[in-house]
Amino acid sequence: MKETLLFLFFSFLFFSCKTTEKATKWKGQPPVKAVSTNTKPTQKQYKDVFNLGDNIYVTNNFDGARLNGITRINDTLISTLITPENTPINTSPWYAFKIWSKKPTNIYINLTYLNNVKHRYHPKTSIDGKNWNPIEPINYQLIRTDTTSKSAKIAQLKLAINADTLWVAAQEVINSTDNKNWIQTLVKKPFIKSKSIGFSKEKRTIEALEIGKGSNKKMIAVISRQHPPEVTGYLAMKSFVETIASDTDLAKNFREQFSTYVVPMVNPDGVDNGHWRHNVGGIDLNRDWSNKNQPEINVVENYYNSLTKNEKKIYFFVDFHSTYHDIFYTVNPALKSNATGVVPKMIQQMGEELNLDPNIKPSDNINSVISTRYFFNTFNAESLTYEIGDDTPRDLLKKKGEVSAIKLMQLLLEQN
Ligand SMILES: [Zn+2]
């Protein structure tokens, strides 16, 4: 009885949320404009362990960290400054640092930004860097710096700290080493290979995963993490790829016919430097697919170009990102591709199965400054920008990745 009541309560919550979401469907970001992608200078963080007195320490000395300034204001308050790698830049102020205190104590931390930048990410903490929890609302508030401004400028967190290191970050910290570790777990399967396909500007390797037989003429392509803070998109990508690599009959059948080529972290320099948006060339990589000024885009393009020799075809391409709310940016479905109609059908069937009402924004604009248009124009691949919201529950985004992969595999097998 208790379970039934609970179930009814959660169903009610779920359906009422769904209705609200439908009523206020997000319009998405404005259309992408072509911009210069010539390399620009970026600022490095000064990395150290900062002694704040009373045996309280903070560090940004790890890959993925971002903390540009720190000062102790009084016994109970620390102020931090978070700045971007360069400007102008999309407002996605990433922050990540570690804190500890020899004596257990409660401390307030202000996250401050310059030039009217708005706080975006709900803070998360972790004691091992692997398992993360959002900060309880009671320990988190947004403070206006002046009464004339309507936008909150400072995020204040209250933390209980002790001798164990506490990670504090905008989203789960998943850096290039974590990406390599994930790849290593997958390549234990005999039908998966990893490959270093080239180097970023700071000479980090750009890794690819190859799933299925190399002799397959049919291919799909998956990329992620052009934009460093977009961790929720990366998590959905992992679930999508793991489903294609799973032991189900569907996945086995799919791999008999289709091989999957994944570049899970296109911008490892940006990720490890804790950037808000750009690579170390100071450029939004998802505006460089036409100019090809940045090494990361050249590496990824050369890789997929080399794969499409000998009558091999890319049927489907997906680029995983994160934004304020879940949304799908698609190419106008009237335009013909190697798998015309598969993207809208995949999204619709995924939505039906998960009882969601997917927010889809098709576009006629086929200028190739962004990845999906490049893959559509160059390879005629059915292409999708798969956006996950910053605060989408992690179990739901995994489910979306999984069910999308299942529907995609079914649709491509039916079509061919
Ligand atoms: Zn993005």
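Everything below is about the structure printed above this text.
This is a predicted model, so every value here is computed, not measured.

Engineer: I keep staring at the coordination of the zinc ion and nothing clicks. Help me out?
Structural biologist: Tetrahedral coordination by four donors puts the ideal angle at the metal at 109.5 degrees, and octahedral coordination by six puts it at 90 or 180 degrees. The zinc ion binds to the protein through H227 (ND1), E230 (OE), E230 (OE) and H321 (ND1), with metal-donor distances spanning 2.1 to 2.5 Å. Positions of the donor residues of the zinc ion along the chain correspond to the pattern H-x2-E-x90-H. Pair noted here: H227 is in the loop between β14 (218-224) and α3 (231-244) and H321 is in strand β16 (residues 313-323), with a separation of 94 residues, a long-range link. Judged by its relative accessible area of 3%, H227 is buried.

Engineer: I tried to follow the nonpolar core on my own but got confused; where do I start?
Structural biologist: Inside soluble globular proteins, nonpolar side chains tend to come together where they are buried. I99, L159, F240, V241, F316, Y386 and L412 are the most contacted members of the largest nonpolar core, which has 82 residues in total. For this core, the element with the most residues is α3, which contributes eight residues. In terms of domain composition, this core takes at least three residues from each of domain 1 (49-169) and domain 2 (176-415). Apart from residues no more than four positions distant in its own chain, L159 is found in contact with I99, T105, N106, I107, I109, T125, I135, L166 and V168.

Engineer: What is the right way to read the side chain of E210 from this model?
Structural biologist: Within the element layout of this structure, E210 appears in strand β13 (residues 205-211). No salt bridge is formed by the buried E210. Its closest oppositely charged neighbour is K195, at 4.0 Å.

Engineer: How should the environment of V280 be read in this particular structure?
Structural biologist: Residue placement: V280 occurs in the loop between α5 (268-272) and α6 (295-307). V280 sits in the buried class, given a relative accessible area of 12%. Taking the C-alpha atoms as reference, V280 lies 9.5 Å from N86; in sequence the two are 194 residues apart. With sequence-adjacent residues up to four places away left out, V280 is seen in contact with K40, T42, K201, E202, D269, N273 and H275.

Reading the values: rules and limits
Residues numbered from 1 in each chain as written. Predicted model: local features only at pLDDT ≥ 70, side-chain atom pairs only at ≥ 80, totals over all residues. Heavy atoms only, no water. Donors = N, O, S within 2.8 Å, 3.2 Å for Na, K, Ca; no water. Helix = DSSP H or I, 4+ residues; strand = E, 2+ residues; numbered from the N terminus. Buried < 20%, exposed > 50% of the residue type's maximum accessible area, 1.4 Å probe, protein only. Core = buried A, V, L, I, M, F, W, Y, C linked by side-chain atoms within 4.5 Å. Domains from an automatic or database assignment. Contact = heavy atoms within 4.5 Å. Lys, Arg positive; Asp, Glu negative; His and termini not counted. Salt bridge = Lys/Arg side-chain N within 4 Å of Asp/Glu carboxyl O.

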